Amino acid sequence: MTTPRAPRSRPRRPSWAGRNYTLLTAAAVATGLGNAGALIAAAFAVLDAGGDSGDVGLVAAARTVPLVVFLLIGGALADRLPRHRVMVAANAVNCLSQAAFAALVLSGEAQLWQMALLSAIGGTGHAFFSPAAEGMLLSTVTSEQAGRAFAFFRIGVNGSQIGGAALGGALIAVVGPGWMLAVDAVAFAVAGSLRAFLDVSEVAPREPGGGMLADLRDGWREFATRPWLWSIVLQFSVVNAVVGAAEAVYGPLVAEEHLGGARPWGLALAAFGAGTVLGGVLMTRWRPQRMLLAGTLCVLPLTMPSAALAVPLPVPLLAVVMFLSGTAIEVFGVSWMTALHQEIPENKLSRVAAYDMFGSIAFLPVAMSLAGPAEGAFGRTASLWGCSALILLLTLAVLTVPDVRRLRRRESEPVVKGPVAEGMPAAERPLRVESILPDPTTDEGQHRALP
């Protein structure tokens, strides 16, 4: 006589991984898979159409410029309207623009201005999507589990981008860039469909504000009155710019002349991506109390890749450097998201996120365009050492800001099972203290409880 087997229990999600968090993570993984390959596909589509490196840069800039121009408007809009609707609409715009881009490339009649226009439409959609997405994600977890939740989210996104880049490269080599762009359009459709199922039935309607300009001013006050916030955004406005110039301009040139070409440079970039995944895994277990201090210290290893290219180091050592810097910067990324979640009122998250993103990418096109002239004026090696020096000096400067060193993680919220914030009535949400540091907008030591 055989004993019947007990039915297998279905694995349960952690209590903090509610419906909205799970849907947002799945949607971000889908678009990560598509976007990583689409960036490669767009470049090869331009080259296949007879363009040169300058034309590739033009199409890339066509996507970046509207992203910078419309980010602040997108942030204000996302705090006025239901965020999930903004996200779904932006996904629809990106789906249609990528589908048109794919059809154009597959037809064999793609022209440069058409590809630039479609890239600009995609950048515009992204400008409205990003602030809404960050605000929505930040509002789906409690403070107690925020660090772990953001770490798992970023592991999924970073892992999907690594896989997407590998998938994109293989697909482009076999069937051409047009089909990879079509895959990206499908990924946007899938992501938009998932986000359409977000549970917002109990979210209180947004209170009408005093107009778009008033909302932007309100968001600016929230941003400018926090020294830890604007100082780190100012730091990264330069850090992102010089890292982008080093990776997009100097890295491929060094690889071509000293390391053996595109393959070893691709290996180095993959090592960086693998490092971000490890950093995310680390942050699922590590909860630094002084999160911004720990995160800012972990920006210092970003000085290493530019220095390694300046030497240049052999490929194995370069890959190790990229891996370590990827791990470290992911510690910063999770710590930063946790700080925003803890300190910024929920109804202003998207506007603050928009100012954060705007500051972080505003100088990127400038740095890309100045990388070539800087190499001509100072030499490539000196320019790369200059990139490392700027990162070092700015990071040390940020460490002198008292709020960056003192801001502590708080565990004051009660444990709440299931989805919170966007899926919970305001009266039932756990209270959190806005800041334990003196706030220039309030009396010394005064705290406000926020829903």
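Residues numbered from 1 in each chain as written. Predicted model: local features only at pLDDT ≥ 70, side-chain atom pairs only at ≥ 80, totals over all residues. Heavy atoms only, no water.

A separate point is the overall build of the chain. Broken down by element type, the chain carries 16 helices and two strands. Relative to its 451 residues, the chain shows a buried fraction of 50%. A separation of at least 24 residues holds for 86% of the contacts in the chain among residues at least 6 apart in sequence. Accessible surface computed for the chain: about 20300 Å², of which carbon and sulfur atoms make up 67%. (Helix = DSSP H or I, 4+ residues; strand = E, 2+ residues; numbered from the N terminus. Buried < 20%, exposed > 50% of the residue type's maximum accessible area, 1.4 Å probe, protein only. Contact = heavy atoms within 4.5 Å. Areas by Shrake-Rupley, 256 points an atom, 1.4 Å probe, with all protein chains shown as cover.)

Attention now moves to the environment of A27. Within the secondary structure, A27 is located in helix α1 (residues 19-48). Once the C-alpha coordinates of A27 and V157 are considered, the two residues, 130 residues apart in sequence, prove to be 9.5 Å apart. Among all residues touching A27, those that are not within four sequence positions of it are A191, L194 and R195.

With that settled, consider unusual backbone geometry. The step from V311 to P312 runs through a cis peptide bond, and the omega angle for that step is -15°. Structurally, P312 is set in the loop between α11 (303-310) and α12 (315-343).

One pass over the structure, following the stated rule, counts three salt bridges. Between R380 and E257 there is a salt bridge, and its shortest N-O distance comes to 3.0 Å. Of the two residues, R380 is situated in helix α15 (residues 380-398) and E257 in helix α8 (residues 227-259); the sequence distance between them amounts to 123 residues. Of the charged contacts, one joins E375 and R380 as a salt bridge, the two residues approaching to 2.9 Å between their closest N and O atoms. (Salt bridge = Lys/Arg side-chain N within 4 Å of Asp/Glu carboxyl O.)

Taken together, the side chains of V93, W113, L117 and I121 present a nonpolar region at the surface, about 370 Å² in accessible area. When residues of the nonpolar patch are assigned to their parent elements, the largest contribution, three residues, is made by helix α4 (residues 112-138). Structurally, the position occupied by I121 is in helix α4. For I121, a relative accessible area of 34% gives the class partly exposed. (Patch = residues over 30% accessible without salt bridge, like charges linked within 9 Å, V, L, I, M, F, W, Y side chains within 5 Å.)

Attention now goes to the side chain of S325. Following the sequence through the fold, S325 ends up in helix α12. Sequence-distant contacts of S325, defined by excluding residues within four places in its chain, comprise F272, P301, L302, M304 and P305.

This next bit is on the nonpolar core. The biggest cluster of nonpolar side chains holds 30 residues, and the ones touching the most others in it are W228, L229, I232, L292 and W336. Counting only elements with at least two residues in this core, the list comes to α7 (212-224), α8, α10 (291-297), α12, α13 (349-361) and α15. The element contributing the most residues to this core is α8, with eight residues. Aside from chain neighbours lying at most four places away, what touches L292 is W228, I232, W336, A339, V404 and L407. A78, L137, F153 and V157 belong to the second-largest nonpolar core, a separate cluster that totals 25 residues. (Core = buried A, V, L, I, M, F, W, Y, C linked by side-chain atoms within 4.5 Å.)

Here we take up the packing of aromatic side chains. Scanning the entire structure with this criterion turns up seven aromatic pairs. Taken together, the ring pairs in this structure connect W228, F236, F332 and W336 into an aromatic cluster. (Phe/Tyr/Trp six-rings, centres within 6.5 Å; stacked < 30°, edge-to-face > 60°.)

Orientation of α8 relative to α15, taken along the N-to-C sense of each, is 160°, at an axis distance of 10 Å. Relative to α15, α8 is oriented roughly antiparallel. In this structure, α8 meets α15 at a crossing whose hand is left-handed. Residue-level contacts link S231, I232, Q235, V238, V239, V242, V243, A246, Y250, L253, V254 and E257 of α8 to R380, S383, L384, C387, L390, I391, L394, T395 and V398 of α15. Residue classes in the contact of α8 with α15 are distributed as 15 nonpolar, four polar and two charged. (Axes fitted to C-alpha atoms, helices over the stretch in contact; angles between N-to-C directions. Parallel < 35°, antiparallel > 145°, perpendicular 65-115°, else oblique. Left-handed = near helix turned anticlockwise from the far one by under 90°. Nonpolar A, V, L, I, M, F, W, Y, C, P; charged D, E, K, R; others polar.)

Here we come to the packing of helix α3 (residues 83-107) against helix α6 (residues 177-196). Packing of α3 against α6 leaves a shortest axis separation of 8 Å and a crossing angle of 165°. As the angle between them shows, α3 and α6 are arranged roughly antiparallel. Handedness of the crossing formed by α3 with α6: left-handed. Of the residues assigned to the contact of α3 with α6, the class counts are 17 nonpolar, six polar and two charged.

Residues of the chain with pLDDT of at least 70 account for 81%, and the chain-wide mean is 77. Per-residue pLDDT stays below 50 along residues 413-451; that stretch engages in 90 contacts with residues further than four places along the chain or on separate chains. (pLDDT = per-residue confidence, 0-100.)

Moving on, we get to α3. Spanning 25 residues, α3 covers 36 Å between terminal C-alpha atoms, matching the ideal 36 Å at 1.5 Å per step. Taken from the residues just after α3, G108 is the one with a positive phi, measuring 80°. (Expected span 1.5 Å × (residues − 1).)

Moving on, we come to the environment of A189. Take A189: it is sitting in helix α6. Here the alpha-carbon distance between A189 and N94, two residues 95 residues apart in the chain, equals 8.7 Å.

Bringing the environment of A374 into the picture now. Within the secondary structure layout, A374 lies in helix α14 (residues 364-378). Sequence separation between A374 and L384 is ten residues; the distance between their C-alpha atoms is 9.8 Å. Discounting residues that sit within four places of it in the chain, A374 has contacts with Y250, G379 and S383.

With that settled, the discussion passes to the side chain of T338. Within the fold, T338 resides in helix α12. Note on T338: relative accessible area 3%, which makes it buried. In terms of polar contacts, T338 uses its side chain to reach the backbone carbonyl oxygen of V334, at 2.8 Å. (Polar contact = N/O pair within 3.5 Å; in protein donor to acceptor, adjacent residues only side chain to side chain.)

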